[in-house]
Amino acid sequence: MNKKIAVLPGDGIGPEVMEQAIQVLRCIEKKFNHQFEINFAHVGGAAYEKFGSHFPESTKFVCQKADAILFGSVGGPISESHLAKWKDCEKNSILSLRKEFQFSSNIRPAKVYPELKDICPLKDSIIKNGIDIVIVRELLGDVYFGEHRTFIENQLRKASDLCEYNEKQIETVAHQSFKIALGRNRKVTSVDKANVLDTSKLWREVVAEVGKQYPTVTLEHMLVDNCAMQFFINPSQFDVIVTTNLFGDILSDAAAAFPGSLGLMPSASFNENGFALYEPSGGSAPDIASKNIANPIAQIMSLAMLLRHSFELVEEAQCIENAIQKTLQAGYRTSDICIDKEKAVTTEQMTQQILYFM
Ligand code: ATP
Ligand code: MG
């Protein structure tokens, strides 16, 4: 397995948690006798300091040559002295990456680890059947890319945002969600607002057509308002949720609350060719950076997703996921997931335990 991974640690807790993920990757290499080519590159404020750009050509080149990208996080505290470094940092780096590689979908698992039920904001009676959802959000259509206008009409201020979808965009993301469901519990819930929006009617139609090609997967359609409510009354019913860009933005942030900390949540963005970028769902967390207290699990789980989805190394991914579960079972907690903060372990200690259980 001579695969190339572009590693972009970025800013804030990014470099700290990336260092942990790289240790886990080295352990996988040894245990399974693989050799990966790891190429580090700067992004975000870290790149701005060195190259005067948040997404320099040299970083783009490393990403273009790679088989997958492992990303940390970018951004930092905006203060007078560092205004240039941080201004538009996220926009210039993440959006440039999305544009460069045309990532068309974002995948976010939202899972409650049974060991961490006590930090899930929902009542025990509601999560008794567990929560293990994957949200697939379309990224290239919807109101984000239609024309935005603010104008005056009949002496009133007015604004409009054009919402557009074509069938190809819907097809791509639908196929992706059905494929993910095949490797899980074989249920897809497609979320839209088909009772009001024409884009949603088309969405529903195309997802249903694609669904016919996956006869072993159950497809269900749900209105977004109902879905939001179901999150609070019966979240166990969901396996894979596929939805539009705007609804996905909102629902995936809502689902991010289930596990109890952003420090647990990985994510992936795919383009039509299957090329992908993997990153924690949280950001650079400047409030806890450089303190050795960040939870490394989101970054390490992002690596596990990379191995599973980009390199089809299922056993290797499972090895990482099992080690994380055992670490949590053994009671190790970083402060974000620890009720008694006195007992929290450091970023490095958490990783050492995960390595121990691998
Ligand atoms: P950004 O602008 O980069 O998104 P932010 O200030 O919004 O930064 P986030 O990174 O989104 O911060 O994090 C939101 C909250 O979640 C913060 O309080 C942060 O400390 C916490 N958090 C995020 N990631 C982790 C992690 N890996 N471990 C522990 N806490 C985390
Ligand atoms: Mg944030």
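Residues numbered from 1 in each chain as written. Chains lettered and ligands numbered in written order. Predicted model: local features only at pLDDT ≥ 70, side-chain atom pairs only at ≥ 80, totals over all residues.

Undergrad: Please provide a residue-by-residue account of the site of ligand 1, values included.
TA: Not every one of the 18 residues close to ligand 1 is listed here, only the nearest: G263, G282, G283, N295 and D336. The residue makeup of the shell around ligand 1, split by class, is 8 nonpolar, 8 polar and 2 charged. (Near = placed C-beta within 6 Å. Nonpolar A, V, L, I, M, F, W, Y, C, P; charged D, E, K, R; others polar.)

Undergrad: Just give me the short version of the sheet that holds strand β4 (residues 105-111), but keep the residues and values in it.
TA: Judged by pairing direction, the sheet is mixed, and its 10 strands sit side by side in the order β2-β1-β3-β12-β11-β4-β5-β10-β8-β9 without closing on themselves. The sheet terminates laterally at β2 (37-40) and β9 (218-223), the two strands that pair on one side only. Strand-to-strand twist of the sheet, defined as the mean angle between neighbouring strand axes without regard to direction, takes the value 20°. One ladder, built from 4 bridges, connects strand β8 (residues 187-192) with strand β10 (residues 240-243); its direction is parallel. If you follow V188 over to β10, its bridge partner there is V240. (Pairing = 2+ DSSP bridges. Helix = DSSP H or I, 4+ residues; strand = E, 2+ residues; numbered from the N terminus. Axes fitted to C-alpha atoms, helices over the stretch in contact; angles between N-to-C directions.)

Undergrad: Requested: an account of the domain arrangement of the chain, with residues and values cited.
TA: Split into domains, the chain comes out as domain 1 (1-104 + 263-358) and domain 2 (121-258). A straight line from the C-alpha centre of domain 1 to that of domain 2 covers 26 Å. Residue-level contacts link 8 residues of domain 1 with 8 residues of domain 2. (Domains from an automatic or database assignment. Contact = placed C-beta atoms within 7 Å.)

Undergrad: Requested: an account of the nonpolar core, with residues and values cited.
TA: Grouped burial of nonpolar side chains is what soluble globular proteins tend to show. With 97 residues, the main nonpolar core has I69, L70, Y278, I300 and L303 as its most contacted residues. At 9 residues, helix α10 (residues 297-309) tops the list of elements feeding residues into this core. Looking at which domains feed residues into this core, each of domain 1 (1-104 + 263-358) and domain 2 (121-258) supplies at least three. In this structure, I69 is in contact with A6, L8, C63, L277 and Y278, ignoring residues within four places of it in sequence. (Core = buried A, V, L, I, M, F, W, Y, C linked by C-beta atoms within 7 Å. Buried ≥ 20, exposed ≤ 12 C-beta atoms within 10 Å, placed from the backbone.)

Undergrad: Now, about the UniProt feature "binding site: substrate" (unreviewed entry) in the chain: what can you tell me, with residues and values included?
TA: Mapped onto the present numbering, the UniProt feature "binding site: substrate" (unreviewed entry) falls on R98, R108, R137 and D225. The named residues occupy 128 residues along the chain; their greatest pairwise C-alpha distance, 28.4 Å, places them well apart from one another. As for its placement among the helices and strands, R137 is situated in strand β5 (residues 132-138). Setting aside its immediate chain neighbours within four residues, R137 contacts S105, N106, T243, N245, G248, D249 and S252. For D225, a count of 12 C-beta atoms within 10 Å corresponds to the exposed category. (UniProt positions renumbered as here; feature names shortened; annotations may be inferred.)

Undergrad: Residues and numbers for the confidence of the model for the chain, please.
TA: Here the chain averages 95 in pLDDT, while 100% of its residues score no lower than 70. Across the assembled chains, the prediction reports ipTM 0.94 with pTM 0.92. (pLDDT = per-residue confidence, 0-100.)

Undergrad: Outline unusual backbone geometry, supporting the account with residue identities and numerical values.
TA: With the exception of glycine, the majority of residues adopt a negative phi angle, and the majority of peptide bonds are in the trans configuration. One non-glycine residue with positive phi stands out, namely N33, at about 60°. Tracing the backbone shows N33 in the loop between α1 (14-32) and β2. Taking the C-beta count within 10 Å as the criterion, N33 has 8 such neighbours and is therefore assigned exposed. Its identity is not glycine, yet N154 carries a phi of approximately 50°, on the positive side. Examined against the element boundaries, N154 turns out to sit in the loop between β6 (148-153) and β7 (156-161). Overall, the presence of 5 C-beta atoms within 10 Å leaves N154 in the exposed class.

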